[in-house]
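# Secondary and tertiary structure notes
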Amino acid sequence: MSKPTIPVIDVRQRPTVMTPELRAIIASLDLEGPVLDQLSRPLRDLRISVTDRCNFRCSYCMPKSVFTRDHTYLPQSDLLSFEEITTIAEAATRLGVKKIRITGGEPLLRKNLEILIAQLSALRTTDGKPLDLTLTTNASLLKRKAQLLKDAGLSRLTVSLDALDDGIFRKMNDMDFPVVDVLEGIDTALAVGFKDIKVNMVVKRGTNVDQIVPMARHFRGTGVALRFIEYMDVGASNGWRMDEVLPSADVLAMLQAQWPMVSLPAKSKGETAKRYGYLDASGAVDASLGEVGFISSVTEAFCHECNRARLSTDGRLFACLFATQGTDIKHLLRGEEPVNADFVARYLAHTWMQRSDQYSALRQAGVIPAGNASARIEMSYIGG
Ligand code: SAM
Ligand code: SF4
Ligand code: SF4
C-alpha cells in the first residue's frame, strides 16, 4: 500500500480558519480510492461522545477530587446537536466507517438520545449495509431506557461493571450506586432483545482483582461476553501508576486456573479485544459457555491496526485516545459558509490522512514515558 501524500495544512488547532487555500485543498481531495493515514490505516470506527457529564465518579476516569460539585461542564450551546452529529457520521461513512459507538460521559444522560440513535441507524455503509451501531453505558439508566434504545435501532450494547461485590462496586463508582441496578439493567436489555451484550471490567491492582473470577463465573454461559480492560493512563487526572496495572496475561492465568480456555481467532481487523473461549470435557470450544476478551492497551499495544477516531462532545475529531489536540468540525458546520456532507467527508479525509498517532505502541517501546500528561484530553470528554 502506498503511503498517502502529506497534506500541507495542519488543522489541529483552535479554531480552524477556513482559508481559500485550505478550501481548495479539501475540494480537490480524491475520495474514490482508500483514505489511509500516514501508517496506512483506514478509518472504520467512529466513537461519538454525546455528553461530558456523568452520574458516576469512577476513580480511573472522573475522580471526585477533580470532578467536584463545582466542575464546569460544556454549555448546552457548545454540544453538537443531533443533526450535526448525524451529518458528521454520514460523512464518516463515506470514508468507510462501519461501526459507530455512542459514548461519553454517560451517554444515557443525554436527553432524547433515542432520537439520535434513530437518525444514525438510518445511515448506510459504503456497501449499503446498516452500521454496527453500539453504545457504552454505566447502565444506571438502562432499565428505563433499554426498550427505547432497541426500538430506535441500536444494534448492540456494552455495559461497564467493575465488580460484583456491592461494597467494592459502590466504592469504585464513588456515588454509592448499587450493583443490583446494573445487573437489572443488563437483564432488561436481554429481555427486550439485545444480543451480543458485552460487559467491560477495568482491572485495577489493589482494588478489584479479587472480582475477576467471580465476574467470569457470573457471566459464563449467559451469552454476555466479559472483557477485561487494563487500567490506562488516559487524561490528566486519574493519577495513573504502572504498579496499579494488572497485565491481561495475569488475568488470563487466573481464569485458566479455574477453567481450560483457548484463544479464539479475531472476527475483524482492528479488533481491540483478544478473545478466549471455554473448553468442554473433550477439549473442544464450548460456544454455549460464551467467551471473554482482553483489552491490553498497556502491555500489548494494538496501534498498528487502530482504525478509530473519536468525536468529542463539542465537535472535535481526535485521531487518538491520547491526543492533545483535535480538529474542530463544529466550527466548520457553524461557519458562515454552509458546508454539505460531501465537504465534511473531504475535511475528515484531510484530517485522517495527516494522522500518525501510535501512543500506546511508543509508550510500550519506551520511546515516550508512561503516565498522565497535563495537556491530555479526559476520557469523559473524548469518549471511551
Ligand atoms: N460512562 C460510560 C461507561 O462507563 O460505560 C461510557 C463512557 S466510559 C469513559 C467508556 C469506557 O471507558 C468504560 O468502559 C470505562 O470503564 C472505560 N475507562 C474509563 N477510564 C479508563 C481508564 N483509565 N482505563 C481503562 N478504561 C477506562
Ligand atoms: Fe462515568 Fe463511565 Fe467515566 Fe465511570 S467510566 S466516571 S461511568 S464516564
Ligand atoms: Fe489507537 Fe491511539 Fe489507542 Fe494506539 S494509543 S490504539 S493509535 S487510540
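These remarks concern the structure in this document.

Conventions adopted
Residues numbered from 1 in each chain as written. Chains lettered and ligands numbered in written order. Predicted model: local features only at pLDDT ≥ 70, side-chain atom pairs only at ≥ 80, totals over all residues. Heavy atoms only, no water. Buried < 20%, exposed > 50% of the residue type's maximum accessible area, 1.4 Å probe, protein only. Helix = DSSP H or I, 4+ residues; strand = E, 2+ residues; numbered from the N terminus. Right-handed = clockwise from strand over helix to strand, strands pointing away. Near = heavy atom within 4 Å. Nonpolar A, V, L, I, M, F, W, Y, C, P; charged D, E, K, R; others polar. Expected span 1.5 Å × (residues − 1). Contact = heavy atoms within 4.5 Å. Axes fitted to C-alpha atoms, helices over the stretch in contact; angles between N-to-C directions. Parallel < 35°, antiparallel > 145°, perpendicular 65-115°, else oblique. Left-handed = near helix turned anticlockwise from the far one by under 90°. Polar contact = N/O pair within 3.5 Å; in protein donor to acceptor, adjacent residues only side chain to side chain. Areas by Shrake-Rupley, 256 points an atom, 1.4 Å probe, with all protein chains shown as cover. Phe/Tyr/Trp six-rings, centres within 6.5 Å; stacked < 30°, edge-to-face > 60°. Lys NZ or Arg CZ within 6 Å of the ring centre and 35° of its normal. Pairing = 2+ DSSP bridges.

## Quick look at the pairing of strand 3 (residues 132-137)
Of all six residues in strand 3, five are buried, a share of seventy percent or more. One crossover worth recording links strand 2 (residues 99-103) to the parallel strand 3 by way of helix 3 (residues 113-121), and it is right-handed. For the crossover that starts at strand 3, traverses helix 4 (residues 142-152) and ends in the parallel strand 4 (residues 156-160), the hand is right-handed.

## Description of the site of ligand 2
Close contacts around ligand 2 come from Cys54, Phe56, Cys58, Tyr60, Cys61, Met62, Gly105 and Asn138, and that covers them all. Each residue belonging to the shell around ligand 2 can be placed in one class, and the counts come to six nonpolar, two polar and no charged.

## Here we look at helix 2 (residues 82-94)
The periodicity of an α-helix, 3.6 residues per turn, causes residues three or four positions apart to be oriented the same way. Taking 1.5 Å per residue as the helical rise, helix 2 with its 13 residues ought to reach 18 Å, and the 19 Å between its terminal C-alpha atoms agrees with that figure. Of all the residues in helix 2, the buried ones are Phe82, Glu84, Ile85, Thr86, Ile88, Ala89, Ala91, Ala92 and Thr93. Residues of helix 2 that are buried in the fold lie against strand 1 (45-49), strand 2, helix 3, strand 10 (308-311), helix 9 (329-333) and helix 10 (341-352). Phi turns positive, to about 110 degrees, at Gly96, one or two residues after helix 2.

## Quick word on the packing of helix 2 against helix 3
Put simply, helix 2 and helix 3 touch, their axes get as near as 10 Å, and they point 25 degrees apart. Looking at the two axes, helix 2 sits roughly parallel to helix 3. Crossing geometry of helix 2 relative to helix 3 is assigned as right-handed. Contact residues: helix 2 offers Phe82, Glu83, Ile85, Thr86 and Ala89, while helix 3 offers Leu113, Ile115, Leu116, Gln119 and Leu120. Taken together, the residues of the contact of helix 2 with helix 3 break down into seven nonpolar, two polar and one charged.

## With respect to the site of ligand 1
Residues in close proximity to ligand 1 total 20 residues, the closest being Tyr60, Gly105, Thr136, Ser160 and Met232. At 3.3 Å from an oxygen atom of ligand 1 is found a main-chain nitrogen or oxygen belonging to Thr137. Contact distances for ligand 1 include 2.9 Å between a nitrogen atom and a backbone N or O atom of Met232. Out of a free accessible area of 540 Å², ligand 1 has 95% covered by protein chains. Looking at the shell around ligand 1 residue by residue, the classes come out as eight nonpolar, ten polar and two charged.

## So, the side chain of Gln211
Relative to the assigned elements, Gln211 resides in the loop between strand 5 (198-203) and helix 7 (212-219). Look at Gln211 and you get buried, because its relative accessible area is 6%. Looking at Gln211, its side chain comes within polar contact range of the side chain of Asp210, at 3.4 Å. Ignoring any residue separated from it by four or fewer positions in sequence, one finds Gln211 in contact with Asp162, Ala163, Leu164, Asp165, Ile168 and Met201.

## Focus on the packing of aromatic side chains
The full count for this structure, using the stated rule, is seven aromatic pairs. Ring centres of Tyr276 and Phe294 lie 5.6 Å apart, and the angle between their planes is 85 degrees; this geometry places the pair in the edge-to-face category. Linking Tyr276 in strand 8 (residues 274-278) with Phe294 in strand 9 (residues 291-295), this pair joins segments that are 18 residues apart in sequence. Here Tyr276 matches Phe294 in class, with each residue buried. Three or more aromatic residues joined by ring pairs make a cluster, and in this case those are Phe56, Phe169 and Phe177. One Lys or Arg, Arg23, reaches over the ring of Phe343 and ends 5.0 Å from the middle of that ring. The cationic tip of Lys204 hangs over the ring face of Tyr231; the distance from NZ or CZ to the ring centre is 4.9 Å.

## Structural notes on the pairing of strand 4
Side chains on a regular strand alternate between the two faces of the sheet. Within strand 4, four of the five residues are buried, which leaves it mostly tucked inside the rest of the structure. Here strand 3 pairs with strand 4 via four bridges, running parallel. Bridge pairing in strand 4 places Thr137 opposite Val159. Relative to strand 5, strand 4 runs parallel, the two being bridged by three bridges. The partner of Ser160 across the bridge, within strand 5, is Asn200.

## Structural notes on the side chain of Asp314
Within the secondary structure layout, Asp314 lies in the loop between strand 10 and strand 11 (316-318). Here the side chain of Asp314 touches Ser312 through a polar contact of 2.7 Å, side chain to side chain. Among the polar contacts made by the side chain of Asp314, one reaches the side chain of Tyr381 at a distance of 2.8 Å.

## Quick word on the sheet that holds strand 10
Taken together, twelve strands build an open sheet; the order of strands is 7-8-9-6-5-4-3-2-1-10-11-12 and the sheet is mixed. In this open sheet, the two edge strands, each paired with only one partner strand, are strand 7 (261-263) and strand 12 (327-328). In this sheet, strand 6 (residues 225-230) lies alongside strand 5 in parallel orientation, the contact comprising six bridges. From the neighbouring strand, Met201 faces strand 6, where its bridge partner is Phe228. Docked against the sheet, helix 8 (residues 248-256) engages strand 6, strand 7, strand 8 and strand 9, running at close to 160 degrees with respect to strand 9.

## What about unusual backbone geometry?
A positive phi angle, close to 70 degrees, is found at Ala139, a residue other than glycine. Look at Ala139 and you get buried, because its relative accessible area is 1%. The phi dihedral of Asp176 falls on the positive side, at around 60 degrees, and the residue is not glycine. Tracing the backbone shows Asp176 in the loop between helix 5 (166-173) and helix 6 (179-191).

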